[in-house]
Amino acid sequence: MTRAPTAAEVTALLAKGPGSNVAVTRPGAADPVLRPRVLPAPRAVVARALEGVIGAMPRWRVAGRNDDVLWATRRTRLFRFVDDVYILLTEQDGQTLVEVRSASRVGRSDLGQNRRNIAELWRGIERFLALHHPPIPGAEPRAVS
C-alpha cells in the first residue's frame, strides 16, 4: 500500500477479525491487550500523541496518515519482516476510541508477533502519558469492555 487506508477500509479489516498472522482489537476481547482503548481527548490530539509514541519506539515508523487512520509499520528484529499496523481513531463526545489491526505482510503464522505489536503500542501510550502528565487532562487509557 502506498497510502494510509481510509476509515472505511480499516473498519472492514477490523470486521474480518484475527487470523494466524493478524491481530485485531475488539470490544470485550478475552485478552485485555486486544481490547480497544478510549482516550479522553479529541482525535487530532490523540493522533499527534500517537505519532510521537510511534516515532520513539525502535523499529516502528509512521508510514502514512489521514484524519481517522494512522498507518505504522514495525520491522521484526531478526528477519526484518514488516508488519502493518493500522490505528483507527474515532472521536465521540470529545473522546477518541483507538482500535488497532496488526498484520504480517508475509507468512502464514506470526507466532504471536502481531499481538505483541499491539501490546507494545499500548505500553508506548502508557509511557507517553506517564512522562507527559497531564498531556491530556484526565487521560488514562481504558480498555473497552
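Further up the page is the structure itself.
So, a few notes on the structure that sits alongside this text. A quick note: this is a predicted structure, and the numbers were derived from the prediction, not measured. (Residues numbered from 1 in each chain as written. Predicted model: local features only at pLDDT ≥ 70, side-chain atom pairs only at ≥ 80, totals over all residues. Heavy atoms only, no water.)

**With respect to the environment of aspartate 31**
Then comes step 1: As for its position among the elements, aspartate 31 is in the loop between strand E1 (22–24) and strand E2 (37–39).
Then comes step 2: Assessed through its relative accessible area of 21%, aspartate 31 is described here as partly exposed.
Then comes step 3: Between the C-alpha atoms of aspartate 31 and arginine 115, which are 84 residues apart in sequence, the distance is 9.8 Å.
Then comes step 4: Polar side-chain contacts of aspartate 31 include one of 3.0 Å to the backbone nitrogen of valine 33. (Helix = DSSP H or I, 4+ residues; strand = E, 2+ residues; numbered from the N terminus. Buried < 20%, exposed > 50% of the residue type's maximum accessible area, 1.4 Å probe, protein only. Polar contact = N/O pair within 3.5 Å; in protein donor to acceptor, adjacent residues only side chain to side chain.)

**Focus on the nonpolar core**
Then comes step 1: Core analysis: the biggest nonpolar cluster contains 26 residues, and Leu50, Ile87, Val98, Val100 and Leu121 have the highest contact counts within it.
Then comes step 2: Of all the secondary structure elements, the ones that give two or more residues to this core are helix H2 (43–56), strand E4 (69–75), strand E5 (82–92), strand E6 (95–104) and helix H3 (113–131).
Then comes step 3: Of the residues forming this core, the biggest block, six residues, is contributed by H3.
Then comes step 4: In terms of nonpolar packing, the next biggest core, distinct from the first, is built from 10 residues, Trp71, Tyr86, Leu88 and Ala103 among them. (Core = buried A, V, L, I, M, F, W, Y, C linked by side-chain atoms within 4.5 Å.)

**Here's the deal with the packing of aromatic side chains**
Then comes step 1: For the structure on display, the rule yields one aromatic pair.
Then comes step 2: Aromatic side chains tryptophan 71 and tyrosine 86 sit 6.3 Å apart centroid to centroid with 50° between the ring planes, which places their arrangement in the tilted category. A residue pair is termed long-range when its members are at least 10 positions apart, and tryptophan 71 in strand E4 and tyrosine 86 in strand E5 qualify at 15 residues. Note on accessibility: tryptophan 71 and tyrosine 86 belong to one class, buried. (Phe/Tyr/Trp six-rings, centres within 6.5 Å; stacked < 30°, edge-to-face > 60°.)

**Side note on the pattern of salt bridges**
As a working rule, side chains carrying opposite charge can pair if their charged atoms are close by.
Then comes step 1: What the rule picks out here adds up to six salt bridges.
Then comes step 2: Residues glutamate 9 and arginine 3 are paired through a salt bridge, measuring 2.9 Å at the closest nitrogen-oxygen approach.
Then comes step 3: A relative accessible area of 41% means that arginine 3 is categorised as partly exposed.
Then comes step 4: A salt bridge links arginine 115 to aspartate 31, with the shortest nitrogen-to-oxygen separation between them at 2.6 Å. Taken as a pair, arginine 115 in helix H3 and aspartate 31 in the loop between E1 and E2 lie far apart in primary sequence, 84 residues in all.
Then comes step 5: For arginine 115, a relative accessible area of 33% corresponds to the partly exposed category. (Salt bridge = Lys/Arg side-chain N within 4 Å of Asp/Glu carboxyl O.)

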